[in-house]
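Coordinate analysis (summary)
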Amino acid sequence: MKKTLALVLFLIAFTASATAAEQVDSPQQSLEQALLKQEGKVVYIDFWASWCGPCVKSFPWMNKIQQQYKEQGFTVISINLDADETNAQQFLHDNPASFAVLYDPKGTIAKHFSIQGMPTSMLINRDGVIKYRHSGFFTGKINQYEDEIKRLLNSSSSSTLSKKIPKKTHNMAHNKTKRDNHES
């Protein structure tokens, strides 16, 4: 199955452009490996930081949806942007995560996706296409977030509705908010 092939190819191209020193245990490689393990699933990627107030509210919800929908092919991958990992570890001690946590201390992945606020999330369908993007976390929108997840879980394939993630880094930043992607 090549459900997330487009996303993976993009990440490989992105990683290949890094220097040799950055390629060892780089955030890009960590994300690539995490996505490969989730091939064919609906993936909720969440960018967060220890100083983010709304992140404290989003973590219990992400734990809940991870548990609630994992048997249907859903997973959460979070990406921490703290420069000092000890701050992230303290946050996780106070707000445990039942999902994957990756670290991007230099903000390389975040810059690539033009992340401007915390938290920012992207919901990717089974074909590796970013279908929804949200800046911030609002408890009043939890039903909307869950409806989007259910919609993607119940969709067999939506590759005809929007374009696959481009292979080249510069194209992704340009195309990330195409009309088929929704941002709120």
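For the structure given in this document, a descriptive report is provided here. (Residues numbered from 1 in each chain as written. Predicted model: local features only at pLDDT ≥ 70, side-chain atom pairs only at ≥ 80, totals over all residues. Heavy atoms only, no water.)

**Observations concerning the pairing of strand S4 (residues 120-124)**
In the case of a regular strand, side chains alternate between the two sheet surfaces. As a reminder of what qualifies: Each residue's exposure class comes from its accessible area (1.4 Å probe, protein chains only) as a fraction of the maximum for that residue type: buried when under 20%, exposed when over 50%, partly exposed otherwise. Every helix listed is a DSSP run of H or I at least four residues long, and every strand listed is a run of E at least two residues long, numbered separately from the N terminus. Strand pairing requires that DSSP identify at least two bridges connecting the strands.
Of all 5 residues making up S4, 5 are buried, and the element is well covered by its neighbours. Here S4 shows no split at all, with Thr-120, Met-122 and Ile-124 on one side and Ser-121 and Leu-123 on the other all buried. Here strand S1 (residues 42-48) runs beside S4; their pairing, made up of 5 bridges, is antiparallel. By the bridge assignment for S4, Ile-45 is matched with Met-122. The pairing of S4 with strand S5 (residues 130-135) spans 5 bridges and is classified as antiparallel. Among the inter-strand pairings, Ile-124 is bridged to a residue of S5, identified as Ile-130. Counting the residues that bridge the hairpin from S4 to S5 gives 5 residues, and of these Gly-128 lies at a positive phi of roughly 85°.

**Some words on helix H4 (residues 53-69)**
Quick reminder of the rule: Expected helix span is taken as 1.5 Å per residue step, with the number of steps being one fewer than the number of residues. To get the bend at a given residue, fit one axis to the seven residues ending there, fit another to the seven starting there, and take the angle between those axes. Contacts between residues were defined by any pair of non-hydrogen atoms, one from each residue, lying within 4.5 Å.
Counted at 1.5 Å a residue, the expected span for H4 with its 17 residues is 24 Å, and the 25 Å between its end C-alpha atoms agrees. Maximal helix bending in H4 amounts to about 25°, located at Phe-59; proline Pro-60 follows within four positions. Buried within H4 are the following residues: Cys-55, Ser-58, Phe-59, Trp-61, Met-62, Asn-63, Ile-65, Gln-66 and Tyr-69. In this fold, the buried residues of H4 make contact with S1, strand S2 (74-80), helix H5 (85-94) and helix H7 (142-154).

**Points about the environment of Ser-98**
For Ser-98, the position within the fold is in the loop between H5 and strand S3 (100-103). Separated by 31 residues in sequence, Ser-98 and Gln-67 have C-alpha atoms that sit 8.1 Å apart. Setting aside anything within four residues of it in sequence, one finds Ser-98 in contact with Asn-63 and Gln-66.

**Quick look at H5**
Quick note on the threshold: By arc we mean the arc of the directions from the helix axis to the C-beta atoms, nothing more.
Three or more residues of H5 are buried, namely Ala-88, Phe-91 and Leu-92. Looking down the long axis of H5, one finds its buried residues gathered within 95° of arc, a one-sided arrangement. Residues Thr-86 and His-93 are exposed on H5 and point more than 90 degrees away from its buried face. Where the residues of H5 are buried, they touch S1, H4, S2 and S3.

**Here we look at the pattern of salt bridges**
Selection rule: Salt bridge, as used here: a side-chain nitrogen of Lys or Arg that lies within 4 Å of a carboxyl oxygen of Asp or Glu.
By the definition in use, this model includes 1 salt bridge. Here Lys-64 makes a salt bridge to Glu-146, at a shortest N to O gap of 3.0 Å. Taken together, the positions of Lys-64 in helix H4 and Glu-146 in helix H7 put the pair 82 residues apart, joining distant regions of the chain. When its relative accessible area of 40% is taken as the criterion, Lys-64 is described as partly exposed. What makes Glu-146 buried here is its relative accessible area of 9%.

**Observations regarding the environment of Pro-60**
Position of Pro-60 relative to the elements: it lies in helix H4. It is 8.0 Å that separates the C-alpha atoms of Pro-60 and Ala-97, two residues lying 37 residues apart in sequence.

**Here's the deal with the packing of aromatic side chains**
We count it as follows: Within 6.5 Å between ring centres, the rings of Phe, Tyr and Trp (the latter by its six-membered ring) count as paired, and their orientation is classed by plane angle as stacked under 30 degrees, edge-to-face over 60, tilted in between.
If you walk through the whole model with that rule in mind, you get 10 aromatic pairs. Ring plane angle 55° and centroid distance 6.3 Å describe the contact between Phe-47 and Phe-113, whose orientation is recorded as tilted. Taken together, the residues Phe-47 in strand S1 and Phe-113 in the loop between helix H6 (108-112) and S4 connect sequence positions 66 residues apart. Looking at Phe-113, the relative accessible area reads 4%, which means it is buried. Taking 5.3 Å as the distance between ring centres and 55° as the angle between the ring planes, the aromatic pair formed by Phe-59 and Phe-99 counts as tilted. Residue Phe-59 is located in helix H4, and its partner Phe-99 is located in the loop between H5 and S3; the two are separated by 40 residues in the primary sequence.

Without other data, these values stay purely geometric and don't point to any function.
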